[in-house]
Amino acid sequence: MIVDSEKFKKLFFELNIEFRPSQINAVFDCINNSKIADDAIIPIQCKDCVSKEDIGGWQKWCNWHHLPIIDSDFCSWAERKEK
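What counts and how
Residues numbered from 1 in each chain as written. Predicted model: local features only at pLDDT ≥ 70, side-chain atom pairs only at ≥ 80, totals over all residues. Heavy atoms only, no water. Helix = DSSP H or I, 4+ residues; strand = E, 2+ residues; numbered from the N terminus. Buried < 20%, exposed > 50% of the residue type's maximum accessible area, 1.4 Å probe, protein only. Contact = heavy atoms within 4.5 Å. Areas by Shrake-Rupley, 256 points an atom, 1.4 Å probe, with all protein chains shown as cover. Disulfide = S-S within 2.5 Å. Patch = residues over 30% accessible without salt bridge, like charges linked within 9 Å, V, L, I, M, F, W, Y side chains within 5 Å. Salt bridge = Lys/Arg side-chain N within 4 Å of Asp/Glu carboxyl O. Expected span 1.5 Å × (residues − 1). Arc of directions from axis to C-beta.

Caption draft 1: Spotlight on the overall build of the protein. When you go through the protein residue by residue, the secondary structure sums to 2 helices and 3 strands. Of all 83 residues assigned to the protein, the portion counted as buried reaches 19%. When contacts within the protein are restricted to residue pairs at least 6 apart in sequence, those whose partners lie at least 24 apart make up 49%. Roughly 7100 Å² of accessible area belongs to the protein as shown, and the carbon and sulfur atoms make up 56% of that amount.

Caption draft 2: Structural context of unusual backbone geometry. Its identity is not glycine, yet His66 carries a phi of approximately 55°, on the positive side. Among the structural elements, His66 can be located in the loop between strand 2 (59-62) and strand 3 (67-69).

Caption draft 3: Representation of the state of the cysteines in the model. Applying the stated rule across the entire model yields 0 disulfides. Distance from the sulfur of Cys62, which forms no disulfide, to the nearest cysteine sulfur (Cys75) is 6.0 Å. Among the residues examined, Cys75 registers a relative accessible area of 25% and is labelled partly exposed.

Caption draft 4: Focus on a nonpolar patch on the surface. A cluster of nonpolar side chains, Leu15, Ile17 and Phe19, forms an exposed patch at the surface whose accessible area comes to about 260 Å². Assignment of secondary structure puts Ile17 in the loop between helix 1 (5-13) and helix 2 (21-32). Taking relative accessible area as the criterion, Ile17 reaches 49% and is therefore assigned partly exposed.

Caption draft 5: Just helix 2, in detail. The terminal C-alpha atoms of helix 2 lie 16 Å apart, and with 12 residues this matches the ideal 16 Å at 1.5 Å per residue to within 8%. Among the residues of helix 2, Ile24, Phe28 and Ile31 are the ones counted as buried. The buried residues of helix 2 occupy one face: seen down the axis, they fall within an arc of 50°. On the buried face of helix 2, the contacting elements are helix 1.

Everything listed is a geometric property; what it means functionally is a separate question.
Structural data, given as structure tokens:
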């Protein structure tokens, strides 16, 4: 799972739950000492890619790789189509 540590910290404080300082420190120590990928690239699924073409019914085609695909597939060449 990819976690944005700054966003997590912000949401953590928005919970409005009473925590002891030691509990807050323990949570943030876990976050800070974890392998959290703040600069990770989120994969683009085929369903959101500009190279996907619906060829009828449930069949879909990748114009980049020239292969049949399903919507949940993804690759490193995907480009998100504009909404």
